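# Architecture at a glance
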Amino acid sequence: MTTVQKIKEIEDEMAKTQKNKATSYHLGQLKAKLAKLRRELISPSGGGGGGPGIGFDVARTGVASVGFVGFPSVGKSTLMSKLTGTHSEVSEIDFTTLTTVPGTLKVHGAPIQILDLPGIIEGANDGRGRGRQAMHTPVARTCNLIFIVLDVLKPLGDKKIIESELEGFGIRLNKKPPAILVRKKDKGGIAITNTVPLTNIDQEEIKAVLSEYKLSNVDVTIRQPNMTADDLVDVIEGNRFYIPALYVRIDAISIEELDLLYKIPHSVPISSKEWLNIDELSEKMWDALELVRVYTKPRGQSPDYSAPVVLRRGRCSVEDFCNAIHKEIAKQMKYAVVWGASAKHSRGQKVGLDHILEDEDGEILISSTRAISNSLPVVHIAKK
């Protein structure tokens, strides 16, 4: 029996098993078995075949990357070409894009890499089409943002199918990692602690999942509201990718269609032909990427607003800023002076390495124990 057949058999059994207290242990085991089979299917060493192949992985450029995902011939390549000026083959024929096509788009002065991925089809995570090869690459699964490009005629149906396919590749859209800690130990059996009510799972189902993974001595701490067995499996597997996503519908024209699409969370209707609503798409892209622009200020001069240093939110301290320019700066810094949203005073604030910068902090001046390099003209380095 092939891996795909085993998966189908387990899915059928889960569908016909009514969930109650008597079946919770059995369902927990089935969900864990299903996750292990899917991992085997998409793994390069699994029974499903080889790795990503030639042409699917590309060099990373820019401050962030955005992947275009969708069914064949929904307009991904057209949008990619118009946004970046990079030629991505456009045709009415399905599967025109056969490899990953990279391009660059500048948003608020920050270069963002755009990746046009080959179209996926239903059943891609079971090995059908080239979508499996594309989604299996590190580039696809480590994008900072995914654009789900939907068919203008059936957006809701396509949305559901694409989400299901990406789930099969371990990609979780618009979700955060579950607040669940699983810690192995040498002895003592299974200890389960929860700080929130267990509404969708009971302790028997938790033990069934742990048993399937042969975890007999382990501490499980649950802080995740409405936790499910799937959440626990994701934590144990440890190879999940939590990526924000925007749903892009191209060339929606009627008011009814626009009203329908705006009811979908994280959605943006655009027209690539008429070039309508592209500004909203760019702004939502910027917000979803959570980028932070910081401008440098040489002493006695105006800030350089033409070339911001772009950081990721969560990694935007003064130390991160220094390392983005030159690693020696942080080691020799006495203090930095910051003006803008993160400063307490309009006249500027003297801060240390751990100060968190905000988007469009207007000016930052750094003073160090000694001059480091004449090749850093946008940062003032003063002698002690």
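Analysis parameters
Residues numbered from 1 in each chain as written. Predicted model: local features only at pLDDT ≥ 70, side-chain atom pairs only at ≥ 80, totals over all residues. Heavy atoms only, no water. Helix = DSSP H or I, 4+ residues; strand = E, 2+ residues; numbered from the N terminus. Buried < 20%, exposed > 50% of the residue type's maximum accessible area, 1.4 Å probe, protein only. Contact = heavy atoms within 4.5 Å. Areas by Shrake-Rupley, 256 points an atom, 1.4 Å probe, with all protein chains shown as cover. pLDDT = per-residue confidence, 0-100. Pairing = 2+ DSSP bridges. Axes fitted to C-alpha atoms, helices over the stretch in contact; angles between N-to-C directions. Phe/Tyr/Trp six-rings, centres within 6.5 Å; stacked < 30°, edge-to-face > 60°. Lys NZ or Arg CZ within 6 Å of the ring centre and 35° of its normal. Arc of directions from axis to C-beta. Patch = residues over 30% accessible without salt bridge, like charges linked within 9 Å, V, L, I, M, F, W, Y side chains within 5 Å. Salt bridge = Lys/Arg side-chain N within 4 Å of Asp/Glu carboxyl O. Lys, Arg positive; Asp, Glu negative; His and termini not counted. Charge placed at Lys NZ, Arg CZ, Asp CG, Glu CD. Parallel < 35°, antiparallel > 145°, perpendicular 65-115°, else oblique. Left-handed = near helix turned anticlockwise from the far one by under 90°. Expected span 1.5 Å × (residues − 1).

Moving on: the overall build of the chain. A count of helices and strands for the chain gives twelve helices and 16 strands. With 384 residues in all, the chain has 48% of them scored as buried. A separation of at least 24 residues holds for 64% of the contacts in the chain among residues at least 6 apart in sequence. Only carbon and sulfur atoms are counted for the fraction: they give 51% of the accessible area of the chain, which is about 19,100 Å².

This paragraph deals with the side chain of Asp158. With respect to the helices and strands, Asp158 occurs in helix H6 (residues 155-168). Of the residues examined, Asp158 reaches a relative accessible area of 4% and is grouped as buried.

This brings us to the confidence of the model for the chain. Averaged over every residue, the pLDDT of the chain is 79; the share at 70 or more is 79%. For residues 45-55, every residue scores under 50 in pLDDT, and the model assigns this stretch 19 contacts once sequence neighbours within four places are set aside.

Glancing now at the sheet that holds strand S8 (residues 218-222). If you trace the three strands from one edge of the open sheet to the other, you get S6-S8-S7, paired in mixed fashion. The open sheet has two edge strands with one neighbour each: strand S6 (180-184) and strand S7 (190-194). Across the sheet, the mean angle from the axis of one strand to that of its neighbour is 10 degrees, orientation sign disregarded. Where S7 lies against S8, five bridges are found, and the strand directions are parallel. Residue pairing for S8: Ile192 is matched across the bridge by Val220. Along the sheet face, helix H7 (residues 203-212) touches S7 and S8 and points at about 130 degrees away from the line of S7.

Mapping Val63 onto the fold places it in the loop between helix H2 (24-42) and strand S1 (64-70). Using a relative accessible area of 28% as the deciding quantity, one classes Val63 as partly exposed. For the pair Val63 and Pro111, spaced 48 residues apart in sequence, the C-alpha to C-alpha distance is 6.1 Å. Those residues in contact with Val63 that lie beyond four places of it in its chain are Ala110, Pro111, Ile112, Leu291, Val310 and Arg312.

Summed over all chains, the structure comprises one aromatic pair. A ring pair is formed by Phe68 and Phe147, whose centres lie 5.3 Å apart and whose planes are at 25 degrees; its orientation type is stacked. Within this pair, whereas Phe68 is found in strand S1, its partner Phe147 is found in strand S4 (residues 145-150), the two being separated by 79 residues in sequence. Over the ring of Tyr213 we find Lys36; its NZ or CZ atom is 5.5 Å from the centre of that ring. The ring centre of Tyr335 lies 4.4 Å from the NZ or CZ of Lys350, which sits over that ring.

Here we come to helix H11 (residues 318-325). Among the residues making up H11, those that are buried are Val318, Phe321 and Cys322. Buried residues in H11, looked at end-on, bunch into an arc of 100 degrees, giving them a common side.

On the surface, Asp279, Glu283, Asp287 and Glu290 cluster together into a patch of negative charge. Considering the arrangement of structural elements, one finds Asp279 in helix H10 (residues 278-289).

This paragraph deals with the packing of H7 against helix H8 (residues 229-237). Where H7 contacts H8, the two axes come as close as 10 Å, and the packing angle between them is 30 degrees. Put simply, H7 runs roughly parallel to H8. Here H7 runs over H8; the crossing is right-handed. Contacts between H7 and H8 involve Glu205, Ile206, Val209 and Leu210 from the former and Ala229, Leu232, Val233 and Ile236 from the latter.

The next subject is the environment of Gly352. Within the element layout of this structure, Gly352 appears in the loop between strand S15 (349-351) and strand S16 (361-368). The class of Gly352 is partly exposed, set by a relative accessible area of 29%. A C-alpha to C-alpha distance of 8.8 Å links Gly352 and Val337, two positions 15 residues apart in sequence. Apart from residues lying up to four places away in sequence, Gly352 is in contact with Val318 and Met333.

Our focus in this paragraph is the sheet that holds S1. Ordered in space as S2-S3-S1-S4-S10-S11, the six strands form an open sheet in which the pairing is mixed. For this open sheet the edge positions go to strand S2 (101-107) and strand S11 (267-270), each flanked by a neighbour on one side alone. Averaged over all neighbouring strand pairs, the angle between strand axes comes to 25 degrees, with direction disregarded. Its contacts with the sheet put helix H3 (residues 76-84) on S1, S2, strand S3 (110-116), S4, strand S10 (245-250) and S11, and the angle it makes with S2 is roughly 50 degrees. Against the sheet, H6 touches S1, S4 and S10, its axis set at about 140 degrees to S4.

On to H6, then. Taking 1.5 Å per residue as the helical rise, H6 with its 14 residues ought to reach 20 Å, and the 20 Å between its terminal C-alpha atoms agrees with that figure. When H6 is considered as a whole, its buried residues turn out to be Pro155, Asp158, Lys159, Ile162, Glu165, Leu166 and Gly168.

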